[in-house]
Amino acid sequence: MGALAGVPLRPCQLLLPLGVFLLLLYLSGWHLPKGSLAACVQGGHRCPWLGETLPKEEEEEEEEPGPAPAPAPAWTPTPPLPLQGEEFDIRHLQSAFSASLSPRGEVLLQEYLQGWRQLLKFLDMLGRAFGLISREVESKISILQQHQEGPHGLHYRTVQSMVDFELASGLVGFQSLSAHQPPSGCRTLLRLHRALKWLELFLHKLGTSQKDEKSSRMCAEAYQVALAPYHSWWVQQAVALAFLAMPSRQELYHIIAWEKPATGAVVLTTVESLGRVYNVTQEVYSAHGMLELP
């Protein structure tokens, strides 16, 4: 990504990524088709922002003519709970993720999702170009919420119990997952888990940054480490341009804590809470060989 490495690009070299960026802006607005997210949630289409793609062989099978498709499964994800009316405050984010880690070292899913609802507010503050990312996150929250409200809801109280249940029930799908099965909770959480690392790294850079540092560069560097390995070249170019429209470091410090300007110490305290939850989840997925689920 030459634009991030500080090498100037000629105008002609920017035409392709600029076109992708304009398409992203269009999709992020009110004209986004209502059916696209539902299809993404049900596994029928790519969810590129969080690294979710169909295996190649599944894509090829979709293109071949065949018998009439079976009736759509009864899985209807519940819309995420509406966000609270108050504006984003980083201390609310810190509180939510602190509450999601139990004294026994379990990650409580309900509290974890509440933390992500706070992060959705944060993403919304980064600009309109991040709207598609927010919608992807909303779809993941919806899937996990539906699992919690379903007949096996007791197994989706913690990350650990969810992993044990889906492994024992054959619901993870290490190679592929039938379109007639409900979306895997483990796969879904993995997308949020990767995105959490991106935001954790970005907030750490923000909390330790100097006044003259650019938020766009900090966010891009965090993205390169946490999410870029799972994204296509097209998505990486669109993301790189979206970062350029981010608020400045000074603006971010004033809006992430709306009652009074946040300090680096407040930001880093939040980072510690996110990091603890991320590390526990990482250990659980690593122990079961689930970090590279498709």
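The coordinates are above.
Residues numbered from 1 in each chain as written. Predicted model: local features only at pLDDT ≥ 70, side-chain atom pairs only at ≥ 80, totals over all residues. Heavy atoms only, no water.

A. Quick look at the overall build of the protein chain. Each helix and strand in the protein chain was counted, giving 12 helices and 0 strands. Counting from the amino terminus, helix and strand elements in the protein chain follow one another as α-α-α-α-α-α-α-α-α-α-α-α. Classification of the 294 residues of the protein chain by burial places 47% in the buried group. Of the contacts made within the protein chain by residues no fewer than 6 positions apart, 75% connect residues no fewer than 24 positions apart. (Helix = DSSP H or I, 4+ residues; strand = E, 2+ residues; numbered from the N terminus. Buried < 20%, exposed > 50% of the residue type's maximum accessible area, 1.4 Å probe, protein only. Contact = heavy atoms within 4.5 Å.)

B. Focus on the side chain of Thr270. The topology assignment puts Thr270 in helix α12 (residues 264–287). Classification of Thr270 as buried rests on a relative accessible area of 1%. In contact with Thr270, other than residues within four places in its own chain, are Ile90, Leu93 and Gln94.

C. Seen up close, the nonpolar core. With 64 residues, the main nonpolar core has Phe97, Tyr112, Trp116, Phe122, Trp198, Phe243 and Tyr285 as its most contacted residues. Those residues in contact with Tyr112 that lie beyond four places of it in its chain are Phe97, Ser100, Val107, Leu189, Leu192, His193, Leu196 and Val277. (Core = buried A, V, L, I, M, F, W, Y, C linked by side-chain atoms within 4.5 Å.)

D. Local environment of the pattern of salt bridges. Scanning the entire structure with this criterion turns up 3 salt bridges. Between Asp89 and Arg91 there is a salt bridge whose closest N-O contact spans 3.0 Å. Residue Asp89 is classed as buried on the basis of its relative accessible area of 3%. Overall, Arg91 belongs to the partly exposed group, its relative accessible area being 29%. Put simply, Glu200 and Lys197 hold a salt bridge, and the shortest N to O gap is 3.6 Å. Residue Glu200 and its partner Lys197 are located together in helix α8 (residues 185–207), separated by 3 residues, close to a single helical turn. The buried category is assigned to Glu200, whose relative accessible area is 11%. (Salt bridge = Lys/Arg side-chain N within 4 Å of Asp/Glu carboxyl O.)

E. Representation of the packing of helix α5 (residues 109–125) against α8 within the structure. Where α5 meets α8, the closest approach of the two axes is 12 Å, and the angle between their N-to-C directions is 55°. By the angle class used here, α5 and α8 are oblique. Along this stretch, α5 crosses α8, giving a crossing that reads as left-handed. Facing Leu109, Tyr112, Leu113, Trp116, Leu119, Phe122 and Leu123 of α5, the residues of α8 in contact are Leu189, Leu192, His193, Ala195, Leu196, Trp198, Leu199, Phe202 and Leu203. A class-by-class count of the residues in the contact of α5 with α8 yields 15 nonpolar, 1 polar and no charged. (Axes fitted to C-alpha atoms, helices over the stretch in contact; angles between N-to-C directions. Parallel < 35°, antiparallel > 145°, perpendicular 65-115°, else oblique. Left-handed = near helix turned anticlockwise from the far one by under 90°. Nonpolar A, V, L, I, M, F, W, Y, C, P; charged D, E, K, R; others polar.)

F. Just the packing of helix α4 (residues 90–99) against α5, in detail. One way to put it is that α4 packs onto α5 with a least axis distance of 7 Å and a crossing angle of 160°. Here α4 lies roughly antiparallel to α5, going by the angle between them. Classified by chirality, the crossing of α5 by α4 is left-handed. For the pair α4 and α5, contact is made by His92, Leu93, Ala96, Phe97 and Ala99 and by Glu111, Tyr112, Gln114, Gly115, Trp116, Gln118 and Leu119, respectively.

G. Examining the packing of aromatic side chains more closely. Summed over the entire model, instances satisfying the criterion amount to 8 aromatic pairs. Ring plane angle 45° and centroid distance 5.6 Å describe the contact between Phe88 and Phe122, whose orientation is recorded as tilted. Placement of the pair is Phe88 in the loop between α3 (56–63) and α4 and Phe122 in helix α5, with a sequence separation of 34 residues. Here Phe88 and Phe122 have matching classes, each one buried. Here Trp233 and Trp234 contribute two aromatic rings whose centre-to-centre distance is 5.6 Å and whose plane-to-plane angle is 85°, an arrangement assigned as edge-to-face. Residue Trp233 is classed as partly exposed on the basis of its relative accessible area of 44%. Taken together, the ring pairs in this structure connect Phe130, Trp198, Tyr223 and Phe243 into an aromatic cluster. (Phe/Tyr/Trp six-rings, centres within 6.5 Å; stacked < 30°, edge-to-face > 60°.)

Functional significance is not addressed by these values, which are geometric in nature.
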